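Fold and contact review
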Amino acid sequence: MPVLVMKFGGTSVADLARIRAAAEKVKREVDRGHDVIVIVSAMSGKTNELVGWVEQTSPLYDAREYDAVVSSGENVTAGLMALTLQEMDVPARSWQGWQVPIQTTSQHASARFVDIPRENIDAKFAEGMKVAVVAGFQGISPEGRITTLGRGGSDTTAVAFAAAFDAIRCDIYTDVDGIYTTDPRITSKARRLEKIAFEEMLELASLGAKVLQTRSVELAMRYKVKLRVLSSFEDTDDNSGTLVCDEEDIMESKAVSGVAYSRDEAKMTLVSVEDRPGIAAAIFGPLAEAGVNVDMIVQNISEKNYGTHTTAVTDMTFSLPVNQIARAQKALEDARTSGSIRYDELVGDTDVAKVSVVGIGMRSHAGVAAAMFKALAAEGINIKVITTSEIKISVLIDRKYMELAVQALHDAFALDAAA
Ligand code: ADP
Ligand code: ASP
Ligand code: MG
């Protein structure tokens, strides 16, 4: 029997009525002859609430206990979804991660899949079960503890199951009807794309477009999973939504195909840090060990203003998620106390956001960076840090200009019009 994977995100299972609406979509696929694996998120807002409880209890929490708490939201929806399907006479049962068992690494709060053995679920399908409802976002470590996959991780659970079960497709049901040129909540001019290339979606996701978790796109690309994003709020058919596919299958040839943003960024500057070989390693090593996800980095030109230092000094600035500021500060202060780095001051800025333009067309179009900077300048937006790669340009700006920047860039690259 062909297996179809259907994933429902938080707003798609927000209450019992939404779970019922989702279950009806599942039943329709069962009636069409599919065995279905349903991956569910926690009810919307639930994971945030659980994370809040953990942070209030223990600011520098033990990630193993964080996982024990935050994974629980998905368990509730998995059970409720199975019950709802049973009420519709669809043979269904729920599976928590450890029951499958979904084996992951032991990197708590950002675990990765190691293996998803099929035996248990296949045996139940063979006995006549039609729907396996699996709690998203969670797994079990080699040490036998519950793990989670990082925020938005249920998307990755869905793709991993699609790969493990050779699913005909992985459908990600959410609160928008597909992938847009930018977040449709930021500009009404955002345009839904029929298709988007894996590489572009990968960049958009990693730069903040939370419609798909980055890792889910990576896995889909690697295992050639047919991945689709569509609405759980509308009637849908086999052609609804946006298909994530190979570059060769895309007709559009614009330089830029999307704009992404990441609101919760912060910037830290080490003022007057010694400029000597090994200094970057001495700074970013301890940050990595403390689990800080450093993103953009700039080092200023070196000054021979020795001050209290024995070598020339420079300023080193980096960006990081705003909720990792305390961890970063501690790691750097500890490094200073131990004598491995010297700096005069550590300055944090928690009011920044990152805005990025993405497009595989950038490989062949020149002048994208200039056009981007011009559009931001026209709005009077100051750029604090810039980074580029082959198919993206990102800038760090004051958070209060984030929406304006996204809208200005969407206009500047005429993303509302098809190529
Ligand atoms: P779910 O709870 O279903 O996993 P998410 O909130 O994680 O849903 O992701 C869907 C949201 O992603 C949308 O509501 C939308 O605001 C946001 N989003 C950001 N960028 C995009 C984009 N380019 N296209 C579509 N949605 C986007
Ligand atoms: N519930 C988790 C989160 O909010 C996982 C997910 O929904 O994908 O991050
Ligand atoms: Mg999500």
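Being a predicted model, the structure only gives us computed values, none of them experimental.

Looking only at helices and strands, the chain features 12 helices and 18 strands. Its C-alpha radius of gyration of 23 Å places the chain within 12% of the 22 Å reference for a compact globule of 419 residues. Dimensions along the principal axes, computed over C-alpha positions, put the chain at roughly 75 × 50 × 35 Å. Buried residues in the chain amount to 50% of all 419 residues. Expressed as a percentage of contacts within the chain between residues at least 6 apart in sequence, the contacts between residues at least 24 apart total 75%. In the form shown here, the chain has an accessible surface area of approximately 18,400 Å², with 49% of it arising from carbon and sulfur atoms.

All right, on to the site of ligand 2 then. Looking at ligand 2, the residues that line it are Ser-41, Ala-42, Thr-47, Glu-74, Phe-137, Arg-151, Gly-152, Gly-153 and Ser-154. Here an oxygen atom of ligand 2 sits 2.8 Å away from a polar atom, N or O, in the main chain of Gly-152. Between an oxygen atom of ligand 2 and a main-chain N or O atom of Ser-154, the distance comes to 3.0 Å. Here ligand 2 loses 87% of its free accessible area of 260 Å² to cover by the protein chains.

The geometry of helix H7 (residues 198-206) relative to helix H8 (residues 214-223) is characterised by a closest axis approach of 8 Å and an angle of 165 degrees between their N-to-C directions. Classed by the angle they form, the pair H7 and H8 counts as roughly antiparallel. Handedness of the H7/H8 crossing: left-handed. On H8, the residues touching Phe-198, Glu-199, Met-201, Leu-202, Ala-205 and Ser-206 of H7 are Thr-214, Val-217, Glu-218, Ala-220 and Met-221. Looking at the contact of H7 with H8 residue by residue, the class counts come to seven nonpolar, two polar and two charged.

Reading the values: the criteria
Residues numbered from 1 in each chain as written. Chains lettered and ligands numbered in written order. Predicted model: local features only at pLDDT ≥ 70, side-chain atom pairs only at ≥ 80, totals over all residues. Heavy atoms only, no water. Helix = DSSP H or I, 4+ residues; strand = E, 2+ residues; numbered from the N terminus. Rg over C-alpha atoms; globule rule 2.2 N^0.38 Å. Buried < 20%, exposed > 50% of the residue type's maximum accessible area, 1.4 Å probe, protein only. Contact = heavy atoms within 4.5 Å. Areas by Shrake-Rupley, 256 points an atom, 1.4 Å probe, with all protein chains shown as cover. Near = heavy atom within 4 Å. Polar contact = N/O pair within 3.5 Å; in protein donor to acceptor, adjacent residues only side chain to side chain. Axes fitted to C-alpha atoms, helices over the stretch in contact; angles between N-to-C directions. Parallel < 35°, antiparallel > 145°, perpendicular 65-115°, else oblique. Left-handed = near helix turned anticlockwise from the far one by under 90°. Nonpolar A, V, L, I, M, F, W, Y, C, P; charged D, E, K, R; others polar.

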